[in-house]
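Structure assessment
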Amino acid sequence: MRLVEEAKQAGLTVFGLLSPAEVRQRRKVRLDALAAHSGARRPLASRVAGELRGPRLGDWTFDSETLAWGNALLAQTPPCDLFVLDELGPLEFDLRQGWSAAFDLLAKPLPCRLAVVVVRLECAEAFLRRYPAAETLTIRRPADATRLARQLRERCLRLPQRKAASRRP
C-alpha cells in the first residue's frame with residue numbers, strides 16, 4: 001500500500017496488517033498477510049485447493065497459523081502514527097474468525113494518531129453498529145479509490161512527527 005510507504009518515508013511510525021494479492025488472469029488467487037511495520041510476510045489465503053489449512057469462506061482457504069500470528073500482532077499494537085488494517089469482512093463479521101483481535105483493539109482508544117481500516121462493503125453496516133463514531137469513506141468506483149488515497153496521504157503526511165523519547169540516566 002502506497003500510503004504505508006509514503007508515511008514511512010515521511011518519518012511516521014506505521015503498524016498493522018496489509019493483505020496484498022497475487023492476481024492471475026485478472027483473478028485473485030492468493031493473499032498474503034504483510035506486517036506494515038516490519039515487512040514480514042506470510043501466506044494468508046488461497047483459492048488453490050489443499051494449499052493451506054484453516055477456515056474456509058467460499059472458495060478461499062485461510063491459513064490458521066497466519067491468522068494466529070496476525071491476531072497476536074494486532075493484540076500488541078504499540079503507539080504509532082498510522083495504523084492500517086486490510087481488511088475486515090465476512091470472515092470476521094459472519095464467521096467470527098480472521099482478524100478477530102481487531103474487534104477488541106478498535107473497541108478502545110487506539111494508541112495511534114490515524115487509523116485506516118478497510119471494511120468490505122457488505123460488512124459496513126455491521127462495522128458502524130460496533131463503532132458508530134468511525135469516520136467512513138466509501139469506494140464504489142476506481143476514481144473513488146484514487147481520490148481517497150490522495151486524501152489519506154495528505155492527512156497522514158500532515159501529522160507532525162513525534163518527538164523521540166529522551167532517555168534519562
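In short, a report on the structure. (Residues numbered from 1 in each chain as written. Predicted model: local features only at pLDDT ≥ 70, side-chain atom pairs only at ≥ 80, totals over all residues. Heavy atoms only, no water.)

Some thoughts on the nonpolar core
Heads up, the condition is: Buried Ala, Val, Leu, Ile, Met, Phe, Trp, Tyr and Cys residues form a nonpolar core when they are joined through side-chain atoms within 4.5 Å. Burial classes follow relative accessibility: with a 1.4 Å probe on protein chains only, a residue under 20% of its type's maximum area counts as buried, one over 50% as exposed, and anything between as partly exposed. In this analysis, two residues are considered to be in contact whenever any of their non-hydrogen atoms come within 4.5 Å of each other.
If you look at the biggest cluster of nonpolar residues, it comprises 30 residues, and the most contacted ones within it are Leu44, Leu74, Leu85, Leu88 and Trp99. Leaving out residues up to four positions away in the same chain, Leu74 has contacts with Leu17, Phe83, Leu85, Trp99, Ala101, Ala102 and Leu105. Judged by nonpolar contacts, the second largest core, of 16 residues, contains Leu3, Leu148, Leu152 and Cys156.

Notes on the pattern of salt bridges
Formally: One speaks of a salt bridge when a side-chain nitrogen belonging to Lys or Arg is within 4 Å of a carboxyl oxygen belonging to Asp or Glu. The helix and strand labels rest on DSSP assignments: H or I over at least four residues marks a helix, E over at least two residues marks a strand, and numbering proceeds from the N terminus.
Tallied over the entire structure, the rule returns nine salt bridges. Here Arg41 makes a salt bridge to Asp32, at a shortest N to O gap of 2.6 Å. Linking Arg120 and Glu87 is a salt bridge whose minimum nitrogen-to-oxygen distance equals 3.4 Å. Residue Arg120 is found in the loop between β8 (112–119) and α5 (124–130), and its partner Glu87 is found in strand β7 (residues 80–88); the two are separated by 33 residues along the sequence. Arg120 gets classed as partly exposed once you look at its relative accessible area, which sits at 37%. We classify Glu87 as partly exposed; its relative accessible area is 27%. One salt-bridge network, held together by shared partners, links Glu22, Arg24, Arg30 and Glu51.

Concerning the environment of Ala40
By secondary structure assignment, the location of Ala40 is in the loop between β3 (27–35) and β4 (41–46). Exposure remark for Ala40: the relative accessible area of 32% places this residue in the partly exposed category. Separated by 23 residues in the primary sequence, Ala40 and Leu17 have C-alpha atoms spaced 9.8 Å apart. If sequence neighbours within four positions are ignored, Ala40 has contacts with Ala33, Leu34, Ala35 and Trp69.

As for the packing of aromatic side chains
This is how it is decided: Centres within 6.5 Å make a pair out of two Phe, Tyr or Trp rings, where for Trp the six-membered ring is used; the pair is then stacked when the planes are under 30 degrees apart, edge-to-face when over 60, and tilted otherwise. Our definition puts a charge over a ring when NZ of Lys or CZ of Arg is within 6 Å of the ring centre and also within 35 degrees of the ring normal.
This structure, assessed with the given rule, holds two aromatic pairs. Ring centres of Phe93 and Phe103 lie 5.1 Å apart, and the angle between their planes is 75°; this geometry places the pair in the edge-to-face category. Highlighted residues: Phe93 in helix α3 (residues 90–93) and Phe103 in helix α4 (residues 101–106), separated in sequence by ten residues. Pairing Phe127 with Tyr131 gives two aromatic rings, centres 4.9 Å apart and planes at 55°, and the pair type is tilted. Look at Phe127 and you get buried, because its relative accessible area is 10%. Geometry around Phe103 places Arg130 over its ring, the cationic atom sitting 3.9 Å from the centre.

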